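In case you want the letters, here they are:
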Amino acid sequence: MLNARQRCVVDTLLPSGAHPALGRGAFDAGFDEFEKEFRATATPAMRAGLTAALWVAAWLAPALAGALPPLDRHPRAERERILESLGRSRVYALRQCLLLLKAVVCFSWGADFEVRKATGFPS
């Protein structure tokens, strides 16, 4: 189960209503249930990687972007800018944290029937 800071990271990556045709965000598309199954079935390295990436996004990313941690103290636009800074880091492991977060969130989102229907993906 994600804590409030971890939920903030996921919601910043894929919020509800970000696009008019694809109004479902990560949590609308069932990320809570997906994350529970992910933690039960993923390899230990993937579970540890997700936990580390969520911590990096919540605590380290703001500091690297010149903002005070944690991430959830900032408004959405600032949180997005902060997370984008991870993708521009010189440190490979930090860039990979963002990539892992995006991948896991998108695996969940893309598995949702309503999302696939809205994008025209065949069921």
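Quick summary incoming for the structure in this document. (Residues numbered from 1 in each chain as written. Predicted model: local features only at pLDDT ≥ 70, side-chain atom pairs only at ≥ 80, totals over all residues. Heavy atoms only, no water.)

## Side note on the pattern of salt bridges
The criterion, for reference: Just to be clear on terms, a salt bridge is a Lys or Arg side-chain nitrogen sitting within 4 Å of an Asp or Glu carboxyl oxygen. Working definition: helices are DSSP H or I runs of at least four residues, strands are E runs of at least two. Numbering for both runs from the N terminus. For each residue, the accessible area found with a 1.4 Å probe, counting protein chains only, is set against the maximum for its type, and the residue is called buried under 20%, exposed over 50%, and partly exposed in between.
Scanning the entire structure with this criterion turns up seven salt bridges. One salt bridge connects Asp-32 with Arg-7, and the closest N-O pair in it is separated by 2.6 Å. Linking Asp-32 in helix 2 (residues 31-41) with Arg-7 in helix 1 (residues 4-13), this pair joins segments that are 25 residues apart in sequence. Under the relative-accessibility criterion, Asp-32 is labelled partly exposed at 28%.

## Digging into the packing of aromatic side chains
Quick reminder of the rule: Aromatic pairs are defined between Phe, Tyr and Trp rings, using the six-membered ring for Trp, whenever the two ring centres lie within 6.5 Å; interplanar angles under 30 degrees are classed as stacked, those over 60 as edge-to-face, and all others as tilted. Over a ring means this: the NZ of a Lys or the CZ of an Arg is within 6 Å of the ring centre and within 35 degrees of the ring normal.
Taken as a whole and assessed by the stated rule, the structure comprises three aromatic pairs. With a centroid separation of 6.1 Å and an interplanar angle of 35°, the aromatic rings of Phe-31 and Phe-34 are classed as tilted. Pair noted here: Phe-31 and Phe-34 are both in helix 2, with a separation of three residues, about one helical turn. An aromatic cluster of at least three residues, connected via ring pairs, comprises Phe-27, Phe-31, Phe-34 and Phe-38. One cation-aromatic arrangement involves Arg-7 over Phe-27; the distance from NZ or CZ to the ring centre is 4.0 Å.

## Some thoughts on the nonpolar core
Nonpolar side chains in soluble globular proteins tend to end up buried together. Keep this limit in mind: In these notes, a set of buried Ala, Val, Leu, Ile, Met, Phe, Trp, Tyr and Cys residues joined through side-chain atoms within 4.5 Å is what counts as a nonpolar core. Contacts are residue-level and defined by heavy atoms, with any inter-residue pair within 4.5 Å sufficient.
With 31 residues, the main nonpolar core has Val-9, Val-10, Phe-31, Leu-54, Leu-86 and Leu-101 as its most contacted residues. At eight residues, the largest contribution of residues to this core is made by helix 5 (residues 92-111). Setting aside anything within four residues of it in sequence, one finds Val-10 in contact with Leu-2, Ala-26, Phe-27, Phe-31, Leu-54 and Val-105.

## As for the environment of Phe-34
On the accessibility criterion, Phe-34 (22% relative accessible area) is partly exposed. With 44 residues separating them along the chain, Phe-34 and Glu-78 place their C-alpha atoms 27 Å apart. The contact partners of Phe-34, leaving out residues within four places of it in the chain, are Val-104, Phe-107 and Ser-108.

## Here's the deal with the state of the cysteines
Note the cut-off: Sulfur atoms of two cysteines make up a disulfide when they are within 2.5 Å.
Overall, the coordinates contain zero disulfides when judged by the stated rule. Free of any disulfide, Cys-8 has its nearest cysteine sulfur in Cys-97, 17 Å distant. Residue classification places Cys-8 among the buried residues on the basis of a relative accessible area of 11%. The structure places no disulfide on Cys-106, whose sulfur is separated from the nearest cysteine sulfur, that of Cys-97, by 16 Å. Classification of Cys-106 as partly exposed rests on a relative accessible area of 43%.

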